[in-house]
Amino acid sequence: MQETAYAKINLALHVRRRREDGYHELETLFAFVDDGDRLSAVPGAVDRLSAHGEFAVALDDPFGNIVAKALNKLPHGAGWAVTLDKRLPVAAGLGGGSADAGAVFRMVERAHGLPEDWPLRAAKLGADVPACVLSRPCIGTGTGTDLAEVVANDLAGCPVLLVNPRLPVPTGPVFAAWDGIDRGPMPDGSLRAIALAGRNDLEPPALGLCPPIGDVLAALRATAPFLARMSGSGATCFALYDTLQARDAAAEELARSQPGWWQMAGKLR
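Residues numbered from 1 in each chain as written. Predicted model: local features only at pLDDT ≥ 70, side-chain atom pairs only at ≥ 80, totals over all residues. Heavy atoms only, no water.

Describing the pairing of strand β10 (residues 262-267)
Only one face of β10 is buried: it carries Trp262, Met264 and Gly266, and the other face, with Gln263, Ala265 and Lys267, is open. Across 6 bridges, the pairing between strand β7 (residues 159-164) and β10 is antiparallel. Residue Val160 lies in a different strand from β10, and its bridge partner there is Gly266. (Buried < 20%, exposed > 50% of the residue type's maximum accessible area, 1.4 Å probe, protein only. Helix = DSSP H or I, 4+ residues; strand = E, 2+ residues; numbered from the N terminus. Pairing = 2+ DSSP bridges.)

Here's what the structure looks like:
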């Protein structure tokens, strides 16, 4: 079996309050790019994970990797030998590990079906994992695990460019640096309407911890997208374009001006 672990972006991310349990109350609009990590699985005597690709070196504990944990959460018959092509940067705001886990859930679903309580099992792996299992536009509330799919998807097929300055930004310190101010709820409407009227409340604290994010945003905005914003807790930023030609021109320009930055071009699912 083969499966893509679709890159996750937060078109909007509103942090409403700190909860007594230490988590944060969120309202976020998840969207997914049609590219990401690649996973394949073949029968094996026991479960086994091997990783390669540009960012595989960041996976220093393959047995503690979220892919292995996802397999342990689900009945999947005999052993699976899973190969992970790690193409997404780690600690980058793209849900890379969560996307990998989501891909495992979808492979298990095809092979054996998922148990009814799969959302709970997915949430125990990470707040983004349930959304990444679906890998379709949805609104997350609570800690991001309470999901409602978006019916009015007017951004399907929208050209998108992802850019990361190759700097990891751990999620915990960004949330800890949030100023605690509730700037209001996420708006209603279609994906495009929510994205344009929304915001990412983690962008200011992430900029304070990783100033090069500001350079990425400035470079993307200079390419005239209709929206450029940081995803998740950073450091990856995304830009949305009305045409493939505009996106490709932006990608070429950034490749020339900032050859050290990572980028991925795709379309929204």
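Considering the nonpolar core
Of all hydrophobic cores here, the largest spans 31 residues; its most connected members are Leu39, Val82 and Phe105. In terms of residue count, the dominant contributor to this core is helix α2 (residues 96-112) (7 residues). Beyond its immediate sequence surroundings of up to four residues, Val82 is in contact with Leu39, Ser40, Ala41, Arg48, Leu49, Ser50, Val67 and Leu71. (Core = buried A, V, L, I, M, F, W, Y, C linked by side-chain atoms within 4.5 Å. Contact = heavy atoms within 4.5 Å.)

Concerning α2
Here α2 contains 17 residues, and its C-alpha end-to-end distance of 24 Å stays within 8% of the 24 Å for a straight helix at 1.5 Å per residue. Counting buried residues along α2, 12 of its 17 residues qualify, which places the element largely inside the surrounding structure. Looking at α2, one finds that the buried residues are Gly96, Ser98, Ala99, Asp100, Ala101, Gly102, Ala103, Val104, Phe105, Arg106, Met107 and Val108. Downstream of α2 by one or two residues, Gly113 has phi in the positive range, about 85 degrees. (Expected span 1.5 Å × (residues − 1).)

Let's talk about the side chain of Glu203
On the secondary structure map, Glu203 appears in helix α7 (residues 203-209). Glu203 sits in the buried class, given a relative accessible area of 13%. Once residues within four sequence positions are removed from consideration, Glu203 is found in contact with Leu217, Arg221, Arg229 and Met230.

Details of the pattern of salt bridges
For the structure shown, the criterion picks out 21 salt bridges. Residues participating in the shared-partner salt-bridge network are Arg17, Arg19, Asp21 and Glu25. (Salt bridge = Lys/Arg side-chain N within 4 Å of Asp/Glu carboxyl O.)

Examining the environment of Gly208
Mapped onto the elements of the fold, Gly208 is located in helix α7. Distance in space between the C-alpha atoms of Gly208 and Val174 is 8.9 Å, their sequence separation being 34 residues.

Comments concerning the sheet that holds β7
The strand order across the open sheet formed by 4 strands is β8-β9-β7-β10, and the pairing between neighbours is antiparallel. At either end of the open sheet lies a strand with only one pairing partner, and these are β8 (227-230) and β10. The mean inter-strand angle of the sheet, taken between neighbouring strand axes irrespective of direction, is 15 degrees. As judged from the 4 bridges shared by β8 and strand β9 (residues 237-240), these two strands associate in the antiparallel manner. Within β9, the position partnered with Ala228 by the bridge is Ala239. Across the sheet, helix α9 (residues 244-257) touches β7 and β10, and the angle it forms with β7 is around 20 degrees. (Axes fitted to C-alpha atoms, helices over the stretch in contact; angles between N-to-C directions.)

Here's the deal with the pairing of strand β6 (residues 146-149)
Of the strand pairs in this sheet, strand β5 (residues 138-142) and β6 are connected by 4 bridges, and their pairing is antiparallel. Bridging from a neighbouring strand, Gly140 pairs with Leu147 of β6. Between β5 and the antiparallel strand that follows it, β6, lie 3 residues; Gly144 among them carries a positive phi value of about 105 degrees.

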